[in-house]
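Chain residues, written in single-letter form:
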Amino acid sequence: MQPIVLFDLDGLLIDSEPIWDAAKREVFGPLGLHLTTEMQAATRGLRQRDMVAYWFDRATIQWSLSPTSLRS
């Protein structure tokens, strides 16, 4: 039998939102943006690059890169 790898990126098998929320707090916190649960709900379901652009547009983030340089 061949080994199988299953990726769950949309939350169908597990609720990954708490993990994503913790990761966003870890990344944005040092940049001066402290996301509350309510704030995170505003960007739930967005692609990561769109979520980053959303917060760059609405918050003062102290970082030398712009979200447009992250887009491919």
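Residues numbered from 1 in each chain as written. Predicted model: local features only at pLDDT ≥ 70, side-chain atom pairs only at ≥ 80, totals over all residues. Heavy atoms only, no water.

## Re the overall build of the protein chain
Part 1 of the argument: Within the protein chain one finds 3 helices and 0 strands.
Part 2 of the argument: Looking at the protein chain alone, contacts between residues at least 24 apart form 28% of all its contacts between residues at least 6 apart.
Part 3 of the argument: For the protein chain, the computed accessible surface area is about 5,700 Å², with 58% contributed by carbon and sulfur atoms. (Helix = DSSP H or I, 4+ residues; strand = E, 2+ residues; numbered from the N terminus. Contact = heavy atoms within 4.5 Å. Areas by Shrake-Rupley, 256 points an atom, 1.4 Å probe, with all protein chains shown as cover.)

## Some details on the pattern of salt bridges
Part 1 of the argument: For the structure on display, the rule yields 3 salt bridges.
Part 2 of the argument: Taking the shortest distance from any N to any O, the salt bridge between R44 and E17 comes out at 3.0 Å. Of this pair, R44 sits in the loop between α2 (37–41) and α3 (48–58) while E17 sits in helix α1 (residues 17–28), placing them 27 residues apart in sequence.
Part 3 of the argument: The exposure class of R44 is partly exposed, given its relative accessible area of 36%.
Part 4 of the argument: Where D21 meets R44, a salt bridge forms, and the shortest distance between an N and an O atom there is 2.7 Å. With D21 in helix α1 and R44 in the loop between α2 and α3, this pair connects stretches of sequence that are 23 residues apart. (Salt bridge = Lys/Arg side-chain N within 4 Å of Asp/Glu carboxyl O. Buried < 20%, exposed > 50% of the residue type's maximum accessible area, 1.4 Å probe, protein only.)

## Points about α1
For an α-helix, the turn length of 3.6 residues means that residues three or four places apart are oriented alike.
Part 1 of the argument: When the terminal C-alpha atoms of α1 are compared, their 16 Å separation across 12 residues agrees well with the 16 Å that a helix rising 1.5 Å per residue should span.
Part 2 of the argument: Every buried residue of α1 is listed here: D21, K24 and F28. End-on view of α1: buried residues confined to an arc of 60 degrees, all on one side of the axis. Exposed residues pointing more than 90 degrees away from the buried face of α1 are listed as I19, E26 and V27. (Expected span 1.5 Å × (residues − 1). Arc of directions from axis to C-beta.)

## Topic: a nonpolar patch on the surface
Part 1 of the argument: On the surface, L6, L12, L13, I14 and I19 cluster together into a nonpolar patch covering about 580 Å² of accessible area.
Part 2 of the argument: Mapped onto the secondary structure, I19 falls in helix α1. (Patch = residues over 30% accessible without salt bridge, like charges linked within 9 Å, V, L, I, M, F, W, Y side chains within 5 Å.)

## Observations regarding the packing of aromatic side chains
Part 1 of the argument: Evaluation of the coordinates by the stated rule reveals 1 aromatic pair.
Part 2 of the argument: Ring centres of Y54 and W55 lie 4.8 Å apart, and the angle between their planes is 85 degrees; on these two criteria the pair is classed as edge-to-face.
Part 3 of the argument: Positioned above the aromatic ring of Y54 is the side chain of R58, whose terminal nitrogen or guanidinium carbon lies 3.7 Å from the ring centre. (Phe/Tyr/Trp six-rings, centres within 6.5 Å; stacked < 30°, edge-to-face > 60°. Lys NZ or Arg CZ within 6 Å of the ring centre and 35° of its normal.)

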